[in-house]
There are 2 protein chains.
Amino acid sequence: MKWSELSEAPCSVARSVAVIGDRWTLMLLRDCFLGVRRFEDFERRLGISRSIVAGRLKRLTDEGVLRREAYQDRPLRHEYRLTEKGLALHPVLMAIVHWGDAYYAGEAGPPLLHRHRTCGCDFQPVTTCSECGGPVTARDVEVRPGPGVG
Amino acid sequence: MKWSELSEAPCSVARSVAVIGDRWTLMLLRDCFLGVRRFEDFERRLGISRSIVAGRLKRLTDEGVLRREAYQDRPLRHEYRLTEKGLALHPVLMAIVHWGDAYYAGEAGPPLLHRHRTCGCDFQPVTTCSECGGPVTARDVEVRPGPGVG
């Protein structure tokens with residue numbers, strides 16, 4: 001399979017990975033969730049070339065994950081903000097953070113803490129079932145073909 | 001920043017992304033969670049070169065996400081199984097599936113359904129707070145420096 005064919009595959013992982021499954025894209029999305037919005041800030045934080053940043057931001061904008069918005073007229077300047085579709089990636093980023101905290105944090109502990117505004121506590125994300133509310137782990141999930149299996 | 005420096009960054013996303021933030025690695029992990037274990041099966045399902053499959057499987061094995069286990073003596077053959085550290089990536093994959101189902105499923109619906117054995121229902125993953133059990137969205141999370149900020 002060619003990389004360009006991934007987005008056509010009848011698999012929701014493949015379709016998502018075709019959009020976000022790239023190291024720098026995931027790092028840009030991390031920064032978006034930390035409130036970064038401007039091209040120069042993405043570039044500076046990641047320390048990578050302008051063309052990599054530009055390409056990734058364009059792809060995310062084309063896919064509707066980010067929207068480009070003018071924040072200044074003269075000269076015209078834009079910033080990048082997460083759309084609803086982009087905000088819907090939060091569980092992906094939280095799950096990645098949590099795994100990194102669990103296995104790569106080192107002795108000092110996690111570099112960042114996440115506070116749940118609703119209860120005021122620092123928390124870890126827990127994946128639960130939309131139907132019964134109980135915890136979901138790899139061992140209690142059964143996969144079967146759905147209507148869009150193709 | 002060079003890609004090779006990502007794993008040293010004081011950021012749990014960066015450290016995780018250094019291990020799993022690659023399109024084919026994510027696709028291999030998808031297959032692992034679907035029960036695929038053998039080299040030839042990964043290769044056939046993804047339709048990519050042996051060297052890409054071999055490189056990604058080696059990296060995941062070196063990181064302790066997969067373990068290599070002999071399943072046949074003559075000739076000696078191995079299969080790849082998720083370790084506990086690998087199984088702990090399940091929330092990442094579930095979150096990616098869920099986003100793909102929500103935004104890329106097409107009219108027919110999702111290609112795969114996920115059944116929660118505990119309650120018997122097809123479900124969607126919901127990210128909740130380890131402390132209060134309530135739902136967590138991007139809007140109710142506040143990030144602050146942790147002990148390992150460096």
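Residues numbered from 1 in each chain as written. Chains lettered and ligands numbered in written order. Predicted model: local features only at pLDDT ≥ 70, side-chain atom pairs only at ≥ 80, totals over all residues. Heavy atoms only, no water.

Per an unreviewed UniProt entry, the recorded name for chain A is Transcriptional regulator, and the organism is Phenylobacterium zucineum.

Caption draft 1: Layout of the domain arrangement of chain A. Residues and elements named next belong to chain A. In terms of domains, chain A is made up of domain 1 (1-88) and domain 2 (90-140). Each of domain 1 and domain 2 has a C-alpha centre, and the two are 23 Å apart. In this assembly, domain 1 packs against domain 2 so that about 480 Å² is buried in total across both faces, 82% of it on carbon and sulfur atoms. Together, L26, F33 and A88 form the three largest contributors to the area buried by domain 1 at its contact with domain 2, with a combined 60%. Applying the counting criterion to the domain 1 and domain 2 interface returns zero salt bridges. Here domain 1 and domain 2 share two residue pairs in polar contact (both at pLDDT 80 or more) between them. The greatest single-element share of the side of domain 1 that touches domain 2, amounting to four residues, is contributed by helix α2 (residues 23-33). (Domains from an automatic or database assignment. Buried area = accessible area lost by both parts, 1.4 Å probe. Salt bridge = Lys/Arg side-chain N within 4 Å of Asp/Glu carboxyl O. Polar contact = N/O pair within 3.5 Å; in protein donor to acceptor, adjacent residues only side chain to side chain. Helix = DSSP H or I, 4+ residues; strand = E, 2+ residues; numbered from the N terminus.)

Caption draft 2: How the structure looks around empty space enclosed by the protein. Applying the stated rule across the entire model yields one cavity of 30 Å³ or more. Every residue along the wall of the largest cavity is listed here: I20, L26, V92 and I96 of chain A together with I20, G21, L26 and I96 of chain B. (1 Å grid on protein atoms, 1.4 Å probe; cavity = no way out; pocket = protein on both sides within 12 Å on 5 of 7 lines; lining within 4 Å. Points joined across faces, edges and corners; volume = space filled by probe spheres on them.)

Caption draft 3: The arrangement of unusual backbone geometry in detail. Residue R74 of chain A is joined to P75 of chain A through a cis peptide bond whose omega torsion reads -5°. Looking at where P75 of chain A falls in the secondary structure, it is placed in the loop between β1 (66-72) and β2 (77-82).

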